[in-house]
Amino acid sequence: MKRLLLILGCALLGGVAMGRVSTREAPPSGEHREGSALRQHLETAMTQMDAGIQSAEYRESLEFLRAHPGEVAQELEGALLEEPGSFGKWQLTYLLGEVGNERAIQLLRDMLDRPIPTPASSRTGEHRIDLRHAEELNSRAQAVISTARIAVHRPELRDRVLASLLETAREVPMAAAVAQFELQKLLARDSDAFLPPPRW
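Treat the numbers as computed from the prediction; the structure is a model and nothing was measured.

Draft legend 1. Expanded view of the packing of aromatic side chains. All chains considered together, the criterion is met by two aromatic pairs. Geometrically, the ring pair formed by Phe87 and Trp90 is stacked, given 5.7 Å between the ring centres and 10 degrees between the ring planes. Here Trp90 and Phe87 lie together in helix H5 (residues 87-99), a separation of three residues that amounts to about one turn. Between Trp90 and Tyr94, the aromatic rings sit 5.7 Å apart at their centres with planes inclined by 25 degrees, giving stacked as the arrangement.

Draft legend 2. Molecular detail of the packing of helix H3 (residues 56-66) against H5. Relative to each other, H3 and H5 sit at 70 degrees, their axes nearing to 9 Å. Considered as vectors, H3 and H5 are oriented roughly perpendicular to each other. Note that H3 runs across H5; the crossing there is right-handed. Only Tyr94, Leu95, Glu98 and Val99 of H5 make contact with H3, whose side of the interface consists of Tyr58, Leu62, Leu65 and Arg66. Here the residues of the contact of H3 with H5 sort into six nonpolar, no polar and two charged.

Draft legend 3. Just the confidence of the model for the protein, in detail. The share of residues in the protein with pLDDT of 70 or more is 74%, and the mean pLDDT across the chain is 82. Counting interchain partners and residues more than four positions distant, the pLDDT-below-50 stretch residues 10-29 has 17 contacts.

Draft legend 4. Up close: the pattern of salt bridges. One pass over the full model with this rule turns up twelve salt bridges. In this structure, Glu82 and Arg114 form a salt bridge, with 2.8 Å as the shortest nitrogen-oxygen distance. Of the two residues, Glu82 is situated in helix H4 (residues 69-82) and Arg114 in the loop between helix H6 (102-113) and helix H7 (131-153); the sequence distance between them amounts to 32 residues. Arg114 gets classed as partly exposed once you look at its relative accessible area, which sits at 31%. With a closest N to O distance of 2.9 Å, Lys89 and Glu136 form a salt bridge. With a gap of 47 residues between them, Lys89 in helix H5 and Glu136 in helix H7 connect regions that are remote in the sequence. Exposure remark for Glu136: the relative accessible area of 4% places this residue in the buried category. Via salt bridges that share partners, Arg109, Asp113, Glu167 and Glu171 belong to a single interconnected network.

Draft legend 5. Broad picture of the nonpolar core. Of all hydrophobic cores here, the largest spans 39 residues; its most connected members are Leu95 and Leu96. Apart from residues no more than four positions distant in its own chain, Leu95 is found in contact with Leu42, Ala45, Met46, Met49, Tyr58 and Leu62.

Draft legend 6. Region of interest: the packing of H4 against H6. At a minimum axis distance of 9 Å, the contact between H4 and H6 shows a crossing angle of 5 degrees. Classed by the angle they form, the pair H4 and H6 counts as roughly parallel. Residues Gly70, Ala73, Gln74, Leu76, Glu77, Leu80 and Leu81 of H4 pack against Arg103, Ala104, Leu107, Asp110 and Met111 of H6. Its residues assigned to classes, the contact of H4 with H6 shows seven nonpolar, two polar and three charged.

Basis of the calculations
- Residues numbered from 1 in each chain as written.
- Predicted model: local features only at pLDDT ≥ 70, side-chain atom pairs only at ≥ 80, totals over all residues.
- Heavy atoms only, no water.
- Phe/Tyr/Trp six-rings, centres within 6.5 Å; stacked < 30°, edge-to-face > 60°.
- Helix = DSSP H or I, 4+ residues; strand = E, 2+ residues; numbered from the N terminus.
- Axes fitted to C-alpha atoms, helices over the stretch in contact; angles between N-to-C directions.
- Parallel < 35°, antiparallel > 145°, perpendicular 65-115°, else oblique.
- Left-handed = near helix turned anticlockwise from the far one by under 90°.
- Contact = heavy atoms within 4.5 Å.
- Nonpolar A, V, L, I, M, F, W, Y, C, P; charged D, E, K, R; others polar.
- pLDDT = per-residue confidence, 0-100.
- Salt bridge = Lys/Arg side-chain N within 4 Å of Asp/Glu carboxyl O.
- Buried < 20%, exposed > 50% of the residue type's maximum accessible area, 1.4 Å probe, protein only.
- Core = buried A, V, L, I, M, F, W, Y, C linked by side-chain atoms within 4.5 Å.

Shown next as structure tokens:
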């Protein structure tokens, strides 16, 4: 959903309640109710992200989103592939790693294949940072980390995650170092499982 970041941003700044239905309107269909619930849980997860699992609301939303990983990936596709870099985009990229499935792995990989926007040039003698460009780079690095994260809470997708990280390390220069680091962490975790217990 291309305007998801804008919608969620308004909710975060102004406390807009998403998915409300006027009493004069017809009751929403089951599909509409589920879509509204999905966006509401995405909003809650974003607003409660700092508190993390210490927040009961965050845990509840995470549980809901993990039960609908395909719908989450579909909802976030436009925002992650089309929207410019922002903190909100980084948050959504992070969340996808916490709830994602095989479709999410492909979406995160597609993010890395998109052309990197050219940073805004500054006048001679000025030293300015293009924040949108910097946030875009942060989101792409997080896409690699989120891919690896999926293997932690969905171990059945471990081989798919490893294949995606290996492909990223070989084909995406700007993300290669992060992909190699995440590969090493996953493989080290596997090797630790086979290490003999220490002798005291």
